[in-house]
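# Notes for the structure review
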Amino acid sequence: MKDIVGYTAGLVGAGMMFPQVYQVVKTNSTKDISLDSIILIIICSILWVWYGILIVDWPLIITDVVIIIEELVILIYKIKNDIIHKNSNEQEEL
């Protein structure tokens, strides 16, 4: 029963980020997403993975690895959109 609850919570937990990832990829827009929140979520999930490894809790490990991947996708789009485009716009103005 413990594993069923763990995997179900993991599915919901990892799934909660999917709409945001989908929206970012679909619209190619990250202007309303905080870079700080992305970084904090990644750090939090890394710590949960570490904890999951220490207690050998696979639902916890899998969930947070998926969340890290989802947040890295958003982070890549955020860097691409906010930093790279900002630099290219500044060069065009010169």
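See the structure printed just above.
Here the structure is a predicted model, which is why all the values come from computation and not from measurement. (Residues numbered from 1 in each chain as written. Predicted model: local features only at pLDDT ≥ 70, side-chain atom pairs only at ≥ 80, totals over all residues. Heavy atoms only, no water.)

## Remarks on the overall build of the protein chain
The helix and strand inventory of the protein chain stands at four helices and zero strands. Reading the protein chain from its N end, one meets helices and strands in the order α-α-α-α. Expected size for 94 residues packed as a compact globule is a radius of gyration near 12 Å; at 16 Å, the protein chain overshoots this value by more than 25%. Along the three orthogonal principal directions, the C-alpha set of the protein chain runs to about 60 × 25 × 15 Å. (Helix = DSSP H or I, 4+ residues; strand = E, 2+ residues; numbered from the N terminus. Rg over C-alpha atoms; globule rule 2.2 N^0.38 Å.)

## Here's the deal with the pattern of salt bridges
Counted under the stated rule, the structure contains one salt bridge. Measuring nitrogen to oxygen at the nearest pair gives 2.6 Å for the salt bridge that ties D82 to K78. Highlighted residues: D82 and K78, both in helix α4 (residues 58-93), separated by four residues, approximately one helical turn. By relative accessible area, D82 is classed as partly exposed at 29%. Take K78: its relative accessible area is 8%, and that puts it in the buried class. (Salt bridge = Lys/Arg side-chain N within 4 Å of Asp/Glu carboxyl O. Buried < 20%, exposed > 50% of the residue type's maximum accessible area, 1.4 Å probe, protein only.)

## Thoughts on helix α3 (residues 35-55)
Taking 1.5 Å per residue, 21 residues should reach 30 Å; α3 reaches 30 Å between its end C-alpha atoms and fits that length. For α3, the set of buried residues is I38, I42, S45, V49 and G52. End-on, the buried residues of α3 take up no more than an arc of 85 degrees, which puts them together on one face. Along α3, the residues that are exposed and aim more than 90 degrees away from the buried face are D36, L40, W50 and L54. Between the side-chain oxygen of the N-cap and the backbone nitrogen of D36 there are 3.2 Å, and the N-cap of α3 in question is S34. Once α3 ends, the next one or two residues include V56, with phi positive near 55 degrees. (Expected span 1.5 Å × (residues − 1). Arc of directions from axis to C-beta. Polar contact = N/O pair within 3.5 Å; in protein donor to acceptor, adjacent residues only side chain to side chain.)

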